[in-house]
Amino acid sequence: MKKIINIKKKIPSFKSKIEINGDKSISIRCVLLASQAIGKSKIYNLLESEDVINTLRSIKKLGINYKKINNFYEIQGFGINGFDTSKSISLNAGNSGTFARLILGLLINSEKTITIKGDKSLSKRDFSRVTEPLKNFGVNIVSKNNMLPVKIVGSKFLRPINFEEKIGSAQCKSSVMLAALKTPGVTKIKAKRSRNHTELLFKTLGIPIKVTSKKVNDTIEIKGISNFSGFNYNVPGDISSSAFFIVLTLLANNSQLIIKNVNINKTRTGVITILNKMNANILFKNKRNYKGEIIADLFIKSTKNIKSINCPESLNSSAIDEFLIIFLVAAKAKGVSSFKNLGELNQKESPRLDIAVDILRQIGVKVERKFNNIKIFGNPNLNLQGNYLINNFRKDHRIFMMSYIAALVLGGNWKIYDKDSVNSSFPNFFKIIKQIKSKKN
Ligand code: S3P
């Protein structure tokens, strides 16, 4: 099967209105929480991507049924002890770090050993950031070199923990929060701020949670409970997927785009803050609150005079999945942009910082790198004519989409592997490209 795609033409100017699929982080959390509720939950606009499908298949293996009815998924939970873990089984997380890390928190009361496996890319990622705190609840977790496969066998004698989360990883924080839900007593987490969807969902579902916010940290206290009820949830649009189309519009010629119903939760909008500091004028209209999440329609126009940025480190966490596409904007900016302390990018689906620097250099952009800090020497006249091959060895969805957008706005003749990688997070990526290109908007 040919997984390579060839792009030879820049995108012509466009005016379009689109809707992006449901948020990946919220979709996975909704499925996992519905699997712990008592009774039926209905999840609307669930992202139907491979990461979420692997989540659904895994809860099914643990005895939780789901079905798609019209435009929602119905999930039948049996409460927080409702997983069937009476047999040793293995779950396939595929490419999903979020699912693999969060499910471990929910397995701390498993009866038999449950093994979590993943694809090649996920099997190269560190799991000690979740297995170490989870062990303190009193469970047994084994893995080789802190990587997948990870084997977990739960305990009946769980004890609450005090945990300090220092990386700013929402996966790590959420895994411990899900474990806390099942553990009698109060678990206390001091966490470097990161996306807070789990906290908001806990509040919506009536799970006892107290969050105290300081400058860069949140203290989260969770009281273990015996049950909560099934719920209805309508997943808002994914800002991380939207970011590729925001940048496509910014860097295209004379174009305009409206993206409807995007989640603009403050812990996720670093990309908008950064791009607006670079002279973009991205507007939020029709803002509303949905169960604690803030949703808006985004209005974007092409910008000719993009300027460089000295990116404040305080925005690293809220733009963590968007730096690849932000680097592309920096490459077209007037002046030198600098980004600091981005080591976490190398902990993602592929070593993204290393690969992004390689791609930028390959297309003739000057990049200086010191440890995890980079400087990108922008060129507003950057226009490509050569041949570019992006190997994307780890099949990273965001490396693919960054390269694809680069090809559409910079020109040149690009060959990019692996087009199927978009299915991890953004199965409609090509459909939306087609919609934007067709004049029928
Ligand atoms: C996610 C958290 C982030 C992000 C990932 C999704 C989540 O990872 O990069 O795409 O849903 O909690 P880290 O927790 O490793 O920062």
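Structural data are supplied above this passage.
Residues numbered from 1 in each chain as written. Predicted model: local features only at pLDDT ≥ 70, side-chain atom pairs only at ≥ 80, totals over all residues. Heavy atoms only, no water.

(A) Focus on the overall build of the protein. Along the protein, the regular secondary structure elements total 12 helices and 22 strands. A compact globule built from 441 residues would reach a C-alpha radius of gyration of about 22 Å, and the protein, at 22 Å, matches this within 12%. Reported as C-alpha extents along the three principal axes, the dimensions of the protein are approximately 65 × 50 × 45 Å. Counting only residues that meet the buried cut, the protein has 56% of its 441 residues in that class. Of the contacts formed within the protein by residues at least 6 apart in sequence, a portion of 76% connects residues at least 24 apart. Here the protein has roughly 18,400 Å² of accessible surface; of this, 48% comes from carbon and sulfur atoms. The positive charge centre, built from 73 side chains, and the negative charge centre, built from 30, are 4 Å apart in the protein. (Helix = DSSP H or I, 4+ residues; strand = E, 2+ residues; numbered from the N terminus. Rg over C-alpha atoms; globule rule 2.2 N^0.38 Å. Buried < 20%, exposed > 50% of the residue type's maximum accessible area, 1.4 Å probe, protein only. Contact = heavy atoms within 4.5 Å. Areas by Shrake-Rupley, 256 points an atom, 1.4 Å probe, with all protein chains shown as cover. Lys, Arg positive; Asp, Glu negative; His and termini not counted. Charge placed at Lys NZ, Arg CZ, Asp CG, Glu CD.)

(B) Here's a closer look at unusual backbone geometry. Cis rather than trans, the peptide bond between Leu148 and Pro149 has omega equal to 0°. Assignment of secondary structure puts Pro149 in strand E9 (residues 147-153). Tyr417 connects to Asp418 through a cis peptide bond whose omega is -10°. Structurally, Asp418 can be placed in the loop between strand E22 (411-416) and helix H12 (429-437). Although it is not a glycine, Asn45 sits at a positive phi angle of roughly 55°. Note on placement: Asn45 falls in the loop between strand E3 (38-44) and helix H2 (50-61). The class of Asn45 is partly exposed, set by a relative accessible area of 32%.

(C) Layout of the sheet that holds strand E18 (residues 336-339). What the three strands build is an open sheet, ordered E18-E20-E19; its pairing is antiparallel. The strands lining the two open edges of the sheet, one partner per strand, are E18 and strand E19 (366-370). Neighbour to neighbour, the strand axes of the sheet diverge by 15° on average, direction disregarded. Pairing of E18 with strand E20 (residues 373-377), which is carried by four bridges, proceeds in the antiparallel orientation. Each bridged residue has a counterpart across the sheet, and for Ser337 the counterpart in E20 is Ile376. Its contacts with the sheet put helix H10 (residues 352-362) on E19 and E20, and the angle it makes with E19 is roughly 150°. (Pairing = 2+ DSSP bridges. Axes fitted to C-alpha atoms, helices over the stretch in contact; angles between N-to-C directions.)

(D) Spotlight on the pattern of salt bridges. For the coordinates displayed, the defined rule picks out 21 salt bridges. Residue Lys24 is joined to Asp51 by a salt bridge in which the shortest nitrogen-to-oxygen separation is 3.7 Å. With Lys24 in helix H1 (residues 24-34) and Asp51 in helix H2, this pair connects stretches of sequence that are 27 residues apart. Lys24 gets classed as buried once you look at its relative accessible area, which sits at 8%. Measuring nitrogen to oxygen at the nearest pair gives 3.9 Å for the salt bridge that ties Arg125 to Glu349. (Salt bridge = Lys/Arg side-chain N within 4 Å of Asp/Glu carboxyl O.)

(E) Quick look at the site of the ligand. By nearness alone, every residue bordering the ligand is listed as Lys24, Ser25, Arg29, Thr98, Arg129, Ser169, Ala170, Gln171, Arg195, Ile320, Asp321 and Lys348. In the environment of the ligand, an oxygen atom lies 2.6 Å from a nitrogen or oxygen atom belonging to the side chain of Arg29. At a separation of 3.4 Å, an oxygen atom of the ligand approaches a polar side-chain atom of Thr98. Counting residues per element, the shell around the ligand draws most heavily on H1, at three residues. (Near = heavy atom within 4 Å. Polar contact = N/O pair within 3.5 Å; in protein donor to acceptor, adjacent residues only side chain to side chain.)

(F) Seen up close, helix H5 (residues 170-181). Across its 12 residues, H5 extends 16 Å between first and last C-alpha, which sits within 8% of the 16 Å expected from 1.5 Å per residue. Within H5, 12 of the 12 residues are buried, which leaves the element mostly enclosed by the surrounding structure. Turning to H5, its buried residues number three or more, namely Ala170, Gln171, Cys172, Lys173, Ser174, Ser175, Val176, Met177, Leu178, Ala179, Ala180 and Leu181. One side-chain oxygen of the residue at the start of H5 lies 3.4 Å from the amide nitrogen of Gln171, identifying that residue as Ser169. (Expected span 1.5 Å × (residues − 1).)

(G) The nonpolar core, seen in detail. Grouped together as the largest cluster of nonpolar side chains are 82 residues, with contacts concentrated most on Phe245, Phe327, Phe339 and Phe429. Of the residues forming this core, the biggest block, 11 residues, is contributed by helix H11 (residues 397-410). The contact partners of Phe429, leaving out residues within four places of it in the chain, are Phe244, Phe245, Phe400, Met401, Tyr404, Ile405 and Val422. Counting 65 residues, the second-largest nonpolar core is a separate cluster that includes Ile108, Ile116, Leu148 and Met177. (Core = buried A, V, L, I, M, F, W, Y, C linked by side-chain atoms within 4.5 Å.)

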